[in-house]
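# Observations on the three-dimensional arrangement
Okay, here's what each chain looks like letter by letter:
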Amino acid sequence: MKPISQRIEELRLILPPAPPPAGLYKPVLIVDHFLYVSGQGPMLPDGTLMKGRVGDSLILEEGKAGARQVALTMLSTIQTHFGDIDRIKRLVKTLGMVNCTPDFQDHPLVINGFSELMAEVFGAENGVGVRSAVGMMLPGGISVEIEAMFELHR
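Now for a description of the structure that goes with this document. (Residues numbered from 1 in each chain as written. Predicted model: local features only at pLDDT ≥ 70, side-chain atom pairs only at ≥ 80, totals over all residues. Heavy atoms only, no water.)

### A word on the sheet that holds strand β1 (residues 28–31)
Spatial ordering of the open sheet is given by β1-β2-β5-β3-β4, a layout of 5 strands whose pairing is mixed. Where the open sheet ends on each side, the last strands, each with one partner, are β1 and β4 (130–136). Across the sheet, the mean angle from the axis of one strand to that of its neighbour is 15°, orientation sign disregarded. Where helix α2 (residues 60–81) meets the sheet, its contacts fall on β1, β2 (34–40), β3 (88–99) and β5 (144–152), and the angle it forms with β5 comes to roughly 45°. (Pairing = 2+ DSSP bridges. Helix = DSSP H or I, 4+ residues; strand = E, 2+ residues; numbered from the N terminus. Axes fitted to C-alpha atoms, helices over the stretch in contact; angles between N-to-C directions. Contact = heavy atoms within 4.5 Å.)

Below is the structure:
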């Protein structure tokens, strides 16, 4: 498997700026050989956030695009606050939260936008971990928020 940094370049991914913390928390935290990443929103390259509610102002495909953008934001946050992204061995766990209407039921299909990009970057085996996908109200009206845990090479 190629280094993660090389895969990001080969895929020609454009990472947005890492968002500053929006409260009292750490963007990333290392415990033993695990990297925990706080909830990330869909930051665009110009520093704005993708907003809207799936099932209302957004359709499923737009929500999925937001989840994919969260993956890019998370990679940027890891590079900015952790440093060596090549130390990541695999994605372990994802918690995906979708800003949606009460009758929207396809939360997993939205979060696939994140999961599919992680599989492209880390590979089919190491880019797919356990996952939850739920609907809720999100801060600032962002469309998707995702937190994740990664295993580091020892």
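### What to know about the environment of N112
Here N112 shows up in helix α3 (residues 107–122). A sequence separation of 44 residues divides N112 from R68, and the C-alpha atoms of the two residues are 7.9 Å apart. Leaving out residues up to four positions away in the same chain, N112 has contacts with K64 and R131.

### Focus on the layout of surface pockets
Here the largest pocket is characterised by a volume of approximately 300 Å³. If you trace the largest pocket, you find 16 residues lining it, with A22, Y25, G39, Q40 and G41 closest to the centre. Here the lining of the largest pocket takes 3 residues from β2, the largest share from any one element. Along the lines of polarity and charge, the residues of the lining of the largest pocket split into 10 nonpolar, 5 polar and 1 charged. (1 Å grid on protein atoms, 1.4 Å probe; cavity = no way out; pocket = protein on both sides within 12 Å on 5 of 7 lines; lining within 4 Å. Points joined across faces, edges and corners; volume = space filled by probe spheres on them. Nonpolar A, V, L, I, M, F, W, Y, C, P; charged D, E, K, R; others polar.)

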